[in-house]
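Read off the chains here:
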Amino acid sequence: ASDDHCRRPPLPNGLVVGYASWSECDSRIVEAVRGGVNVLVWFAVNLALNASSHPAVLGGPELACVRSTQQVLRTEGLDPVHMISIGGWNAPHIPDGVTSADGWFDTLHTWNTAAGEHGCALFDGIDWDLEGSDASPGTKREWVAANTMSVECLRVMGGVSVRARRHGY
């Protein structure tokens, strides 16, 4: 299905970015936009394997609340850019050897479109936030894996970003 009918707000020339904390979705989001925030970054999802070992988008804010908040903002004539953060501290990195950047983008875009309404994506863009971990892994190899991004992970991030841009994100 084409999403050509879906309008995304343009990225403003001057950015005032607000980050929602750990799945936050409450009146503080609306107040922040009323106060001048023009880019909202909702926290956070992971690109990881689901219980069936298939690529999936896991975690994130309560999507019904995000939709409701967007509607409140539109009703008030406020139209910030809504981005979804991928990762965060202690979050898993994109696993190597599972699928291509195209496969991960398709997974992300399908999730984002299903989360939205009328075949339109809920989030206008992505915020890469893959970081390290201070969790106590069982082995040095696990610790290194949690605190090092592989070349493949970086290539997937780049490829997903290119596809996202081509898709209007």
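Look above for the structure.
Residues numbered from 1 in each chain as written. Predicted model: local features only at pLDDT ≥ 70, side-chain atom pairs only at ≥ 80, totals over all residues. Heavy atoms only, no water.

Comments concerning the nonpolar core
In plain terms, the rule: Residue types Ala, Val, Leu, Ile, Met, Phe, Trp, Tyr and Cys, when buried and joined through side-chain atoms within 4.5 Å, form a set referred to as a nonpolar core. When accessible area is computed with a 1.4 Å probe and restricted to protein chains, residues below 20% of their type maximum are described as buried, those above 50% as exposed, and intermediate ones as partly exposed. Secondary structure is summarised from DSSP: a helix means a run of H or I of at least four residues, a strand means a run of E of at least two, and numbering begins at the N terminus for each. Any two residues having at least one pair of non-hydrogen atoms within 4.5 Å are treated as being in contact.
Trp42, Ile94, Leu108 and Val160 are the most contacted members of the largest nonpolar core, which totals 33 residues. Mapped by element, the contributors of at least two residues to this core are helix H1 (27-34), strand S2 (39-49), helix H2 (63-75), strand S4 (81-88), helix H3 (101-115), strand S5 (125-130) and helix H5 (151-166). Of the residues forming this core, the biggest block, six residues, is contributed by H3. Here Val160 is in contact with Ala101, Trp104, Phe105, Leu108, Ile126 and Trp128, once residues within four sequence places are set aside.

Here we look at the pattern of salt bridges
Under the convention used in this document: We count a salt bridge whenever a side-chain nitrogen from Lys or Arg sits within 4 Å of a carboxyl oxygen from Asp or Glu.
Tallying each qualifying case throughout the model produces seven salt bridges. Its salt-bridge partner being Glu76, residue Arg34 comes within 2.4 Å of it at the nearest N-O pair. Here Arg34 is found in helix H1, whereas its partner Glu76 is found in the loop between H2 and S4, with 42 residues between them in sequence. Judged by relative accessible area, Arg34 falls into the partly exposed class, the value being 45%. Under the relative-accessibility criterion, Glu76 is labelled partly exposed at 36%. Arg163 is paired through a salt bridge with Asp106; the nearest N and O atoms lie 3.0 Å apart.

A short note on the packing of H3 against H5
The test is simple: To obtain an axis, a line is fitted to C-alpha atoms, over the contacting stretch when the element is a helix, and the angle between two such axes runs from 0 to 180 degrees between their N-to-C directions. Put simply, angles under 35 degrees are roughly parallel, angles over 145 are roughly antiparallel, angles from 65 to 115 are roughly perpendicular, and the rest are oblique. For any pair of crossing helices, the crossing counts as left-handed if the nearer helix is rotated counterclockwise from the farther one by less than a right angle, and right-handed if it is rotated clockwise. Residue classes follow a fixed rule: Ala, Val, Leu, Ile, Met, Phe, Trp, Tyr, Cys and Pro count as nonpolar, while Asp, Glu, Lys and Arg count as charged, and any other residue, Gly among them, counts as polar.
One way to put it is that H3 packs onto H5 with a least axis distance of 8 Å and a crossing angle of 55°. Of the possible angle classes, the one that applies to H3 and H5 is oblique. Crossing of H3 against H5: the hand is right-handed. Contact with H3, carried on its side by Ala101, Asp102, Trp104, Phe105, Asp106 and Leu108, involves Arg155, Val156, Gly159, Val160, Arg163 and Ala164 of H5 and no other residues of that element. Of the residues belonging to the contact of H3 with H5, the class tally is seven nonpolar, one polar and four charged.

Note that all results are geometric; they support no functional claim without further evidence.
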